[in-house]
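Okay, here's what each chain looks like letter by letter:
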Amino acid sequence: MNDDFYRIRRLPPYVIAEVNAMRAAARAAGEDIIDLGMGNPDLPPPPHVIDKLCEVARKPDAHGYSASKGIPGLRRAQAGYYQRRFGVELDPESEVVVTLGSKEGLANLAQAITAPGDVVLAPNPSYPIHTFGFIIAGATIRSVPTTPDERYWDALDRAVKFTVPKPSVLVVGYPSNPTAEVVDLAFYERLVAWAKEHQIWVLSDLAYSELYYDGVPTPSILQVPGAKDVAVEFTSMSKTYSMAGWRMGFAVGNKQLIAALTRVKSYLDYGAFTPIQAAAVAAINGPQDIVDQNRELYKRRRDILVESFGRAGWEIPPSRASMFCWAPLPPALAHLGSLEFSKQLLTHAQVAVAPGVGYGEDGEGYVRIAMVENEHRIRQAARNVKRYLQSMGVNSVAKKAG
Ligand SMILES: Cc1ncc(COP(=O)(O)O)c(C=O)c1O
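Here's a quick rundown of the structure. (Residues numbered from 1 in each chain as written. Predicted model: local features only at pLDDT ≥ 70, side-chain atom pairs only at ≥ 80, totals over all residues. Heavy atoms only, no water.)

A short note on the sheet that holds strand E9 (residues 324-328)
Here is the rule we go by: By the convention used here, strands pair only if DSSP detects at least 2 bridges between them. Runs of E in the DSSP output that reach at least two residues are strands. Runs of H or I that reach at least four are helices, and both are numbered from the N terminus.
Reading across from one edge, E9-E12-E11 is the order of the three strands in this open sheet, with antiparallel pairing throughout. Each edge of the open sheet carries a strand with a single partner, namely E9 and strand E11 (354-355). With two bridges joining them, E11 and strand E12 (residues 366-370) adopt antiparallel strand pairing. Its bridge partner being in E12, Pro 355 is matched across the sheet by Val 367.

This is how it looks when you write it as structure tokens:
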């Protein structure tokens, strides 16, 4: 029997899984690992959302199959959010679909619109589903930079000029995971014009829509007039409301793309458990103070991380958004590479981070640090890191004094 399965063959070993396995083994051995590796929020969802989940779960008629595209009230709530937050009108019937987390939506849209051999433009480094959703669907990825500077536009133009077949899809994701880079509305205006000129679909991943720290709210690509002609956007309740395990996300925008995703999903799932969808409505339509409080909390963690790791001898640029810092390896240890450095941090400092190379080859030289432990634990991580760096001959005090 042939067990060399075509799709599986296209998936390289998951680099981040190596560090995760080491972390699990260290924990099983009783070590206290400070886990700044996975972007898994440590905060609870708002209490009224959990109350709504329990209330609806007690109803006898809430336990059957739900609606694959999402219950109407939840699609209306998401349209209301886009109206309030971005001033964007959406038809809840034809321009909104509920997904089982944005990851599922991205992966199934990739299945819906991709034929083997299609060329897809995706950032490098990026969140893995931006590339692997399409690779599993048989596409070829042409990488473009993540940093949205002139090199980015040049890469897009060269991709259109030199790739055969012409790229069919461009994936963008700002605030970026892993680099935490952001864009402004002018970026999206230029992008929409480019996509229209070249007739390329744009998939925008806005998972960190509410985690911004400069006081400037993150824009949506759909704020650009006419963006719906070429673009869909994914949002997630995982980070905004700390509901990662609930698997709640959305795709909104272009009607053809939403119809394609809705159709594929209608063959694959029956929608999220109805009480979860009802509780998601309560989250979106209810009081939003928790969103502001969590933004402040992540910002404080970021400040503590940058300050305490800096004093430990590791300079980390402050991120402007997302729940991550994207940290260049300390120069004296850059030769280790991001995977080996991450392993050493885990073994010698009991701190888990994600190796940058796990997000694509251009992530090499960096690690991603998730701000998912409390302030006390972040300071403890900095002390452990300092001890490790000193053991490696990186002397923070001498470096600072010099
Ligand atoms: C950029 C980005 N997109 C999508 C996701 C997946 O989110 P969800 O939990 O909605 O599937 C993540 C999760 O970390 C992410 O960082």
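Next comes the rest of the write-up.
Considering the pairing of strand E7 (residues 231-236)
Rules: Think of it in three bands: with a 1.4 Å probe and only protein chains considered, a residue is buried below 20% of the maximum accessible area for its type, exposed above 50%, and partly exposed in between.
Where burial is concerned, most of E7 is hidden: six out of the six residues are buried. The side-chain alternation of E7 yields two buried faces, one formed by Ala 231, Glu 233 and Thr 235 and the other by Val 232, Phe 234 and Ser 236. Bridge count for strand E6 (residues 201-205) against E7 is four bridges, and the pairing is parallel. What sits directly across from Ser 204, in E7, is Glu 233. In the sheet, E7 pairs with strand E8 (residues 249-253) via five bridges, with the strands oriented antiparallel.

Notes on unusual backbone geometry
Cis geometry marks the peptide bond from Tyr 174 to Pro 175; its omega dihedral reads 0°. Relative to the assigned elements, Pro 175 resides in the loop between strand E5 (169-172) and helix H8 (185-198). A cis amide bond, omega 25°, links Asn 177 with the succeeding residue Pro 178. With respect to the helices and strands, the residue Pro 178 is situated in the loop between E5 and H8. The phi dihedral of Ala 180 is positive, around 65°, even though this residue is not glycine. Here Ala 180 lies in the loop between E5 and H8. Positive phi, close to 55°, is recorded for Gln 350, a residue that is not glycine.

Here we look at the sheet that holds strand E4 (residues 140-145)
Going by this rule: In this analysis an axis means a line fitted to C-alpha atoms, helices contributing only their contacting stretch, and an angle means the value between N-to-C directions, from 0 to 180 degrees. Throughout, a contact is declared for two residues whenever any of their heavy atoms are within 4.5 Å.
With mixed pairing, seven strands are arranged side by side in an open sheet as E2-E8-E7-E6-E5-E3-E4. Strands at the two margins of the open sheet, each flanked by one partner only, are strand E2 (96-99) and E4. Averaged over all adjacent pairs, the angle separating strand axes in this sheet is 20°, with direction ignored. Of the pairings in the sheet, the one linking E5 to E6 comprises four bridges and is parallel in character. Across the sheet, the residue bridging to Val 169 is Trp 201, located in E6. Strand contacts of helix H10 (residues 255-268): E2, E6, E7 and E8, with the helix running at about 35° to E2, the strand carrying the most contacts.

Quick notes on the site of the ligand
To keep things clear, this is the line we draw: We call a residue near a molecule or strand when any one of its heavy atoms sits within 4 Å of it. Polar contact is the term for a pair of N or O atoms within 3.5 Å; when the atoms are in protein, one must be able to donate a hydrogen and the other to accept it, and sequence-neighboring residues count only if both atoms are side-chain atoms. Accessibility throughout is a Shrake-Rupley quantity obtained with a 1.4 Å probe, and a residue counts as covered only by protein chains that appear here. Three classes are used: nonpolar for Ala, Val, Leu, Ile, Met, Phe, Trp, Tyr, Cys and Pro, charged for Asp, Glu, Lys and Arg, and polar for all others, with Gly counted as polar.
In the vicinity of the ligand, the residues found are Gly 101, Ser 102, Lys 103, Tyr 127, Asn 177, Asp 205, Ala 207, Tyr 208, Ser 236, Ser 238, Lys 239 and Arg 247. Interatomic distance of 2.7 Å between a backbone N/O atom of Ser 102 and an oxygen atom of the ligand. Residue Lys 103 places a main-chain N or O atom 2.9 Å away from an oxygen atom belonging to the ligand. Compared with its free state, where it exposes 400 Å², the ligand has 93% of that area covered by protein. Within the residue set of the shell around the ligand, elements represented by two or more residues are helix H5 (102-113) and helix H9 (237-240). Residue classes in the shell around the ligand are distributed as three nonpolar, five polar and four charged.

Observations regarding the pairing of E6
The cut-off we apply is this: Whether a crossover is right-handed comes down to one check: with the strands pointing away from the viewer, does the path from the first strand over the helix to the second run clockwise; if it does, it is right-handed.
In terms of residue burial, E6 counts as a mostly covered element, since four of its five residues are buried. In this fold, E5 hands off to H8, which returns the chain to E6; that crossover is right-handed.

Some thoughts on the side chain of Lys 239
Quick reminder of the rule: When charges are counted, Lys and Arg are positive and Asp and Glu negative, with His and the chain ends excluded. The rule for a salt bridge is simple: a side-chain nitrogen of Lys or Arg has to be within 4 Å of a carboxyl oxygen of Asp or Glu.
Turning to its location among the elements, Lys 239 is positioned in helix H9. We note that Lys 239 is buried and unpaired, the nearest opposite charge coming from Asp 205 at a distance of 9.1 Å. Looking at Lys 239, its side chain comes within polar contact range of the main-chain oxygen of Gly 39, at 2.9 Å. When sequence neighbours within four positions are dropped, the list of residues in contact with Lys 239 reads Gly 39, Pro 41, Ala 207, Tyr 208, Leu 211 and Met 323.

Examining the nonpolar core
Which entries qualify depends on this criterion: Buried Ala, Val, Leu, Ile, Met, Phe, Trp, Tyr and Cys residues form a nonpolar core when they are joined through side-chain atoms within 4.5 Å.
If you look at the biggest cluster of nonpolar residues, it comprises 55 residues, and the most contacted ones within it are Tyr 152, Leu 170 and Leu 191. Elements represented by at least two residues in this core include exactly helix H4 (72-86), E2, helix H7 (150-162), E5, H8, E8, helix H11 (274-285) and helix H12 (289-311). When near neighbours in sequence (up to four residues on either side) are disregarded, Leu 191 contacts Tyr 152, Trp 153, Leu 156, Leu 170, Val 172, Val 202 and Ile 221. Of all hydrophobic cores here, the second largest spans 36 residues; its members include Ile 34, Tyr 298, Phe 309 and Ile 369.

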